[in-house]
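# Structure assessment
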Amino acid sequence: MIPVKIKDNVFSLRANDWDRKLFDELVPLPDGTSYNAYLIKGSDKTTLVDTVYPPKTAEFVAALKATGLETIDYVVANHAELDHAGSIPAVLELFPKAKVVANARCWRMLCDQMPLDRGSFLEAKDGGELSLGDKTLKFVFMPWVHWPETMGVFLKEDRIFFPCDFLGAHLAASELTVADEAQFEVAAKRYYAEIMAPYRVLCRSALARVEELEPAIIAPSHGPVHAKPSVIIDLYRRWTSEEVKPGVMIVYASMYHSTTAMVERLTDRLMEKGLPVQVINAVGLDSGVLSMALVDASTVVFASSTVLTGPHPSVAYAAILANALAPKARFVAMIGSYGWGTTMPDSLREMLREFKAEFFEPVLTKGAPNAETFAALDALAESIAAANAALAKSA
Ligand code: FEO
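Residues numbered from 1 in each chain as written. Predicted model: local features only at pLDDT ≥ 70, side-chain atom pairs only at ≥ 80, totals over all residues. Heavy atoms only, no water.

Moving on, we get to helix H9 (residues 287-294). The buried fraction of H9 amounts to seven of the eight residues, a majority that puts the element mostly inside the structure. What H9 keeps buried is the set Ser 287, Gly 288, Leu 290, Ser 291, Met 292, Ala 293 and Leu 294. Its buried side turned inward, H9 meets strand S4 (27-28), helix H5 (181-196), strand S15 (245-253), strand S16 (277-281), strand S17 (297-304) and helix H10 (313-324). Among the residues of H9, the N-terminal cap falls to Asp 286, whose side-chain oxygen and the backbone nitrogen of Gly 288 are separated by 2.8 Å. (Buried < 20%, exposed > 50% of the residue type's maximum accessible area, 1.4 Å probe, protein only. Helix = DSSP H or I, 4+ residues; strand = E, 2+ residues; numbered from the N terminus. Contact = heavy atoms within 4.5 Å. Polar contact = N/O pair within 3.5 Å; in protein donor to acceptor, adjacent residues only side chain to side chain.)

Below, the structure is given as structure tokens:
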């Protein structure tokens, strides 16, 4: 890890985690990730904004020592999650006079996770400022992006906003700023979809606060620095809106090809009607793919074989995950095959309570799909197309 200059006396200290495969044992990381701390040297005081993930602490401490700094006066903790706060104790050990600057809720959450001395706490208030001499930090509370205590900090003189998780991306990179815009947009969408999407209303409020600041640079604590803030702001404006795109996501699991045949028939009919369709096999599901599809799909179809009277466990997992993301989808359908009986639709419906959507009549078949099944699927495709056409008209 090396300090990389962003502006005079403002440096990125980025711990790239090139090889991390999963976050929270849940979120796949196809591009690795990074934990970004920032060092700001004012004429009177020096501060860190956030720290890094505990397995990167030794690397971080070595980088701090290499700067030759005699002291650090403040460590701003924007967020209590350990991928950013986890190295605070090591920083305090190195610089025992440093104060941890956090809001009251964040401080309590930090103390739940690590031994901290109350004497090291300096409370940040929403809109409050902290002078570093020729540089000034302003605190901007942005609760629930994605924990309740989250805040950002604005370096007024340089117009740099540090939003911690918000507006970030799981992307390890050697370049300070976005190097490959296409790769970045996919990584940022995956990150938004899996972490921020359930809080999209609060994300809209946080985004408004960021826009009011008119930052020249946004420096999040995962992924590259935004030298053109309008790019990520425009993406978030689109993703957090309540608008959906006419399109169908089908997530399925099939044991003896019957449900697969149903999915294929429905997909063909939907395509004939000009609707975009994304088909995702729930077995070995990449939660990021599902989450990204849910950001703006108007319609979700769960297609499942019946296992022990209920949905296939892979589809049940997809349903639980989708429900937790509280997606914008307006229409839901359930289709599938069973051997002798099924409660699959009722069981799935129970798992989908966060969906504020219209549910179509399920299409089920005993054994392999027959002419009657295909006719029912054709009718379902008609209903989905009609509902999407009405939605497009009302938009
Ligand atoms: Fe990157 Fe919520 O921590």
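We are not done yet, so read on.
For the pair helix H6 (residues 200-213) and helix H7 (residues 229-240), interaxial distance at closest approach is 10 Å and the crossing angle is 150°. When the axis of H6 is compared with that of H7, the two are roughly antiparallel. Viewed along their axes, H6 and H7 form a crossing whose handedness is left-handed. Two secondary-structure elements touch here, H6 through Arg 200, Cys 203, Arg 204, Leu 207, Val 210 and Glu 211 and H7 through Ile 233, Tyr 236, Arg 237 and Thr 240. Taken together, the residues that form the contact of H6 with H7 break down as five nonpolar, one polar and four charged. (Axes fitted to C-alpha atoms, helices over the stretch in contact; angles between N-to-C directions. Parallel < 35°, antiparallel > 145°, perpendicular 65-115°, else oblique. Left-handed = near helix turned anticlockwise from the far one by under 90°. Nonpolar A, V, L, I, M, F, W, Y, C, P; charged D, E, K, R; others polar.)

Formed by 33 residues in total, the largest nonpolar core has its most connected members in Leu 13, Leu 48, Phe 60, Leu 64, Ile 72, Ile 88 and Leu 110. Sorting the residues of this core by element identifies strand S2 (10-17), strand S5 (33-41), helix H1 (57-66), helix H3 (88-94), strand S8 (99-102) and helix H4 (104-113) as the ones contributing at least two each. Grouped together as the second largest cluster of nonpolar side chains are 31 residues, Tyr 191, Met 196, Ile 232 and Leu 235 included. (Core = buried A, V, L, I, M, F, W, Y, C linked by side-chain atoms within 4.5 Å.)

Moving on, we come to the domain arrangement of the protein chain. Taken as a whole, the protein chain is organised into domain 1 (4-240) and domain 2 (248-394). In this structure, domain 1 and domain 2 have C-alpha centres spaced 39 Å apart. Each partner contributes to the interface: domain 1 provides 14 residues, whereas domain 2 provides 14 residues. Between domain 1 and domain 2 lies a buried interface of about 1100 Å² when both sides are counted; carbon and sulfur atoms form 58% of it. Sorting the residues of domain 1 by area buried against domain 2 places Lys 189, Arg 190 and Arg 200 first, and these three jointly supply 38% of that buried surface. Salt-bridge contacts for Asp 286 lead to Arg 190; the nearest nitrogen and oxygen are separated by 3.0 Å. (Domains from an automatic or database assignment. Buried area = accessible area lost by both parts, 1.4 Å probe. Salt bridge = Lys/Arg side-chain N within 4 Å of Asp/Glu carboxyl O.)

Along the chain, Arg 190 falls in helix H5. Given a relative accessible area of 11%, Arg 190 falls into the buried group. Separated by 3.0 Å, the side chains of Arg 190 and Asp 286 make a polar contact. For Arg 190, the residues in contact, after removing those within four places along its chain, are Pro 28, Pro 30, Asp 286, Gly 288, Val 289 and Met 292.

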